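Working through the structure, step by step
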Amino acid sequence: MNIKLLLVLLLMTAYGNAQQDAWVFFVDKENVAASLDDPISILSQEALDRKELHGVAIDERDVPVNEDYITQIKSEPGITVLAKSKWMNCIHVRGTEAEIAALEALQIVDYIEYADRSITRQSTPFEFLKDDLLTQESRVSFNYGATDNQVTMLSVDELHEQDFTGAGMVIAIMDSGFPGVDVNEGYSRLRNAGNLLDGYDFVGRNDDEFEFSNSSHGTRVASDIVGFIENQFVGTAPDAAIYCFRTEDVASENPVEESYWVEAAERADSLGVDVINTSLGYRTFDNPNYDYIYDDMDGETTFISRGATLAFEKGMLVVTSAGNSGTGMISAPADAVGSFTVGAVNASGDYASFSSIGPSSDGRIKPDVVAKGAGSAVIDQNNNIITNNGTSFSSPIMAGAIASFWQANPELTNARIMQLVRESASIYDNPTAQLGYGIPDFGAALEEVLNTATFNEAQEFKDYQILPNPASEMAVLVLPKEVTQVDVTIFDILGKKITTKRMSQQVNALPISTLRKGVYLIQINDGTSIVTQKFIKA
């Protein structure tokens, strides 16, 4: 046989046998009605309480993937099942292209997405369920020690002085390893309060998430949230509770880690988690065919970014590192519509040169805000206080700050909390690609919340109605009889101000004709109280 022909045949055989990663989406779920009629069978009481508090619907996405379907896929030749997602009703599989393609013949399979997007596949555009989006005495005085600059830069000390230290808030940390969190002094305050709520290793599929010493990244990240050493180190939410979820495998870079992350986010939701911190991101992989380009950073292309927005829709607040590519693009899931993306500054509040810049490829402001990421104080796995660089640390500093801020008024939705934080930031009116809306001032945001009737209280006395809602062409704002005039501001779900209009009993048509389809926040200010309502442009 001709040598060249033999080489070609060998290469074709090798290529055909190459392992591929893909997501297999199923056609349906089982026992949906029964599960929704008895939601405690699929969610914890903590999760049900949080959803009720924030008006988050329980729907088919909360129902688990059909295990019989998973078993059937596992029995197919050459197929390995690595992860699953109930929100997207799919599983992550590995096999040759031919073996994966054969799954399309199964009646239970709706469509398949390959991590290598150059492979022709039968797929349908992924769609989100848009209508699901969206004064105390001072008792605490900390000596912040090494964390003084990163805490006071955001005025988080003013939250702590009002006793808002994250108590009662639950944070899930998605990372690569947490050695020492279960034993070190820097986490004794956390453990003694019963706030180390366990976790799971989604990479190794076991409960020993604190035993992985090949990476202490998660340990250092967690310290910026809940770490505490008397007079030396204080995290931004030292009294919050945390789950530690290992979703990142530092030994390789593969899209299955995106699937691990989504699985962890789904578990976080079922456990009643309020805030997710994600100090990781995906752009390039060991297999270059899986790499993302800038056009993919549109919030809807990558699996993890779609999962982040679904987590937001389910009522959680997803805080995400922008990435460390300098003038390079942000990484997934920082591009997600549902991610609150954090860039990095130095001790002086100036842009840190390694911090990835925006906007997203579809033109949204990213990062949202910034925090200290150059020379951030952290506690390492040996209980030493050291400094590290990266948006990996500006993100948890922000996540803890948000948890402490949310504690001040837990009735507010995740979307409203994000918007209040943006509005408090230093360059809110002139955002940039490097800093987003700038450095938040949580003290100022807290003052606004505490000095204004909460939205629930305002609605109790003044019942504003938007009719119809959803609406496609025209909607009106119905004012209570005692209110003659209000100022109405419309924000998109990302917090960008769209328009402001003064309205009255006679002039009550909302200016929605030019709005694109989607979810908006309608802020109504009558001079004595502020009410925010969700509006859907159909």
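Above this text you will find the structure in question.
Residues numbered from 1 in each chain as written. Predicted model: local features only at pLDDT ≥ 70, side-chain atom pairs only at ≥ 80, totals over all residues. Heavy atoms only, no water.

With that settled, consider the pattern of salt bridges. Following the criterion strictly, the structure yields 17 salt bridges and no others. Linking D239 and R189 is a salt bridge whose minimum nitrogen-to-oxygen distance equals 2.9 Å. With D239 in the loop between strand 8 (233-234) and strand 9 (241-246) and R189 in helix 8 (residues 188-192), this residue pair connects regions lying 50 residues apart in the sequence. Between D201 and R246 there is a salt bridge whose closest N-O contact spans 3.1 Å. (Salt bridge = Lys/Arg side-chain N within 4 Å of Asp/Glu carboxyl O. Helix = DSSP H or I, 4+ residues; strand = E, 2+ residues; numbered from the N terminus.)

To continue, consider the side chain of S215. Mapped onto the fold, S215 is located in the loop between strand 6 (196-201) and helix 9 (217-226). In contact with S215, other than residues within four places in its own chain, are S176, G177, F178, P179 and V250. (Contact = heavy atoms within 4.5 Å.)

Core analysis: the biggest nonpolar cluster contains 65 residues, and L154, L317, M398, I402, F405 and F442 have the highest contact counts within it. With 10 residues, helix 12 (residues 391-408) is the largest single contributor of residues to this core. W23, W261, I276 and A308 belong to the second largest nonpolar core, which has 43 residues in total. (Core = buried A, V, L, I, M, F, W, Y, C linked by side-chain atoms within 4.5 Å. Buried < 20%, exposed > 50% of the residue type's maximum accessible area, 1.4 Å probe, protein only.)

Next up on the list: the packing of helix 12 against helix 14 (residues 442-450). Relative to each other, helix 12 and helix 14 sit at 15°, their axes nearing to 10 Å. Between helix 12 and helix 14, the angle falls in the class roughly parallel. As for how helix 12 packs across helix 14, the hand of that crossing is right-handed. Here helix 12 contributes M398, A401, I402, F405 and A408 to the contact with helix 14, which in turn contributes F442, A445, L446 and V449. (Axes fitted to C-alpha atoms, helices over the stretch in contact; angles between N-to-C directions. Parallel < 35°, antiparallel > 145°, perpendicular 65-115°, else oblique. Left-handed = near helix turned anticlockwise from the far one by under 90°.)

The values are spatial; any link to function lies outside them.
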